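Fold and contact review
Listed below are the residues making up each chain.
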Amino acid sequence: KVVGPEDGRIPLVMDVARRLVKDFDDTAIYGLYCGPFTLASHLRGTKLFMDMKRNPEHVKQLMDYCTEQAIAMNDMYVEAGCHVLGPVDPLVSQISSKHFEEFLSEPYTRIFEHIRQQNRKSCFFVCGNAERNLEVMCETKPDNISIDENIPMDKAKAITDQYNVTIGGNIPLTTTMLFGNQQDNMKFVVDMVDSVDSSKNLVVSPGCDMPYDIPVENSIAVAEAVRDIDKYRDLLKDYESDDLGDDVELPDYDKLERPLIEVFTLDSASCAACTYMWAAAQDATKEYGDKVDVIEYKYTDRAGLSQIKAMGVQNLPSLYIDGELYYASIIPSNEEYFAAIDKVMEKYK
C-alpha cells in the first residue's frame, strides 16, 4: 500500500497546506515529509541498524518501499501548491557515509530528481551531528540542506558551497529561541552570518521544529536581524547574553552503587534520533533490571539544559556510562551496548 490523499491525517494536512499557499502568496511554503530512512526505522525499529550489516538486501527493499511513500507525500504537497519539498531524515546523523552511499544515495538522488522534474525546489533536512554525511548528501543533488546546532555553520557551508547547494539553519531552538531574548536571537544571527560567506547560498532559520512556547518576539527579532544585518551588528557589538542554565552538582561517579547510564537528548518525545537513542538506552533495564540506573536529560527544559552544560555535552543525542561518553550521535547495537555495560560492571563486583 502507498499512502493517498484520503488516508489518516493527510486530508487535514493538505487542507492546511492549500490554505497557507492561498493566504500567504508572497511566502515560500514548505511541504515536509518523513524521509525514507527514518520511515524505515519507524517500521523496522532499532533492528534496522543491525539489518544494514546482516541483511543489506532486505534494507534496500525496505528503502525502495519507503521511497515510494516519500514520493507519494511529495506529490500530494505539490498538488496542494507547496513551493519547496523537503524530506526530513534525522536518522541520517546516526550512520556512516559508507552506509549512506550504500542505502540512501540512490533513493535520495531519485527523490530530488523527481522534485526537479516538477519544477519545485528541494530541501534535505537532517538533525544531529551529520557533518560526516554532508558531502554524500550534497552528491544526491538537493537544492538545500538544512542542519541544526550540532554542526557549526561555517564547517557546513564550506562543504555545501563546493556543490553550490544552499545551506539552512541553525539557530539553537532552546538556549536562544526558547530561553533567550530578542537580543540573543539577533546576536546569534549576526555572528552566524559573519562566520560564513553570506553573499549566496545561505538561509537563516531555526535548527529544527520550533518549540511551541517560543516567544513570538524572538522570531520577529530573527527576521529583523536578517533584513538589516549591518544595523544590528553595530547595535549588538558589545552585547553579552546571560548565562543560561543553573549550576548543578554532578554525581560522584567514583562512588556509585551500580552503573549509571545518562542519555542527553533534545527531547525523546519529538526528536527521532533521540527517540531511538533513549529506546536503546532503556534496553539496559530489560537486560539488567535494577542492576543499572538509566536517566534522560532533555535540552528542552532548564534542568536538562543545566545538566548538559555541566557535563560539557557537545552532541545530541549522546549516551554516557558512569560519566564517560560512549556514544555521540550514533545509536549502538544491543550487542555493542551490553558489552560496554558488562565491562563497566566489572568494577562493581
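First things first, this report covers the structure right here in the doc. (Residues numbered from 1 in each chain as written. Predicted model: local features only at pLDDT ≥ 70, side-chain atom pairs only at ≥ 80, totals over all residues. Heavy atoms only, no water.)

Here we take up the overall build of the protein. Helix and strand counts for the protein come out as 14 helices and 10 strands. In terms of C-alpha radius of gyration, the protein reaches 21 Å, essentially the compact-globule figure of 20 Å for 349 residues. Oriented by its inertia axes, the alpha-carbon framework of the protein measures out at about 65 × 55 × 40 Å. For the protein, with 349 residues in total, the buried portion stands at 49%. In the protein, 69% of the contacts between residues at least 6 apart in sequence involve partners at least 24 apart. Carbon together with sulfur atoms contributes 48% to the accessible area of the protein, which is approximately 17,300 Å² in total. When the 35 positive and 60 negative side-chain charges of the protein are each reduced to one mean point, those points stand 4 Å apart. (Helix = DSSP H or I, 4+ residues; strand = E, 2+ residues; numbered from the N terminus. Rg over C-alpha atoms; globule rule 2.2 N^0.38 Å. Buried < 20%, exposed > 50% of the residue type's maximum accessible area, 1.4 Å probe, protein only. Contact = heavy atoms within 4.5 Å. Areas by Shrake-Rupley, 256 points an atom, 1.4 Å probe, with all protein chains shown as cover. Lys, Arg positive; Asp, Glu negative; His and termini not counted. Charge placed at Lys NZ, Arg CZ, Asp CG, Glu CD.)

In this section: the packing of aromatic side chains. Scanning the entire structure with this criterion turns up 11 aromatic pairs. Plain terms: the ring middles of Phe100 and Phe124 are 6.5 Å apart, the flat faces sit at 35 degrees to each other, and that makes the pair tilted. Here Phe124 lies in strand 3 (residues 121-125) and Phe100 lies in helix 5 (residues 97-117), a separation of 24 residues in the sequence. As far as burial versus exposure is concerned, Phe100 and Phe124 are alike and both buried. Judged by relative accessible area, Phe124 falls into the buried class, the value being 0%. Taken together, the ring pairs connect Phe100, Tyr108, Phe112 and Phe124 into an aromatic cluster. Geometry around Phe179 places Arg302 over its ring, the cationic atom sitting 4.4 Å from the centre. (Phe/Tyr/Trp six-rings, centres within 6.5 Å; stacked < 30°, edge-to-face > 60°. Lys NZ or Arg CZ within 6 Å of the ring centre and 35° of its normal.)

Our next topic: the sheet that holds strand 4 (residues 144-146). Strand order in the open sheet made by the 6 strands is 1-2-3-4-5-6, with parallel pairing throughout. One side of each edge strand has no neighbouring strand; the edge strands of this open sheet are strand 1 (30-34) and strand 6 (202-206). Strand-to-strand, the axes of this sheet are offset by a mean angle of 25 degrees, without reference to chain direction. One ladder, built from 5 bridges, connects strand 1 with strand 2 (residues 84-88); its direction is parallel. Across the sheet, the residue bridging to Tyr33 is Pro87, located in strand 2. With respect to the sheet, helix 5 is in contact with strand 1, strand 2 and strand 3, its orientation differing from that of strand 3 by roughly 155 degrees. (Pairing = 2+ DSSP bridges. Axes fitted to C-alpha atoms, helices over the stretch in contact; angles between N-to-C directions.)

Pairing in this open sheet of 4 strands is mixed, and the strands run 8-7-9-10 from one edge to the other. If you trace the sheet from one side to the other, it starts and ends with strand 8 (293-298) and strand 10 (324-328), each paired once. Mean inter-strand twist for the sheet, computed between neighbouring axes without regard to direction, equals 25 degrees. Both strand 7 (residues 260-265) and strand 8 contribute to a ladder of 6 bridges, which runs parallel. The residue bridging Phe264 from the neighbouring strand is Tyr297, located in strand 8. In this fold helix 14 (residues 334-345) packs onto strand 7, strand 9 (318-321) and strand 10, with an angle of close to 175 degrees to the strand it touches most, strand 10.

So, on to the environment of Phe188. Considering the arrangement of structural elements, one finds Phe188 in helix 9 (residues 182-194). A residue is classified by how much of its surface remains accessible, and Phe188, at 23% relative accessible area, is partly exposed. C-alpha of Phe188 to C-alpha of Tyr77: the two residues are 111 residues apart in sequence and 32 Å apart in space. With sequence-adjacent residues up to four places away left out, Phe188 is seen in contact with Asn170, Ile171, Pro172 and Thr176.

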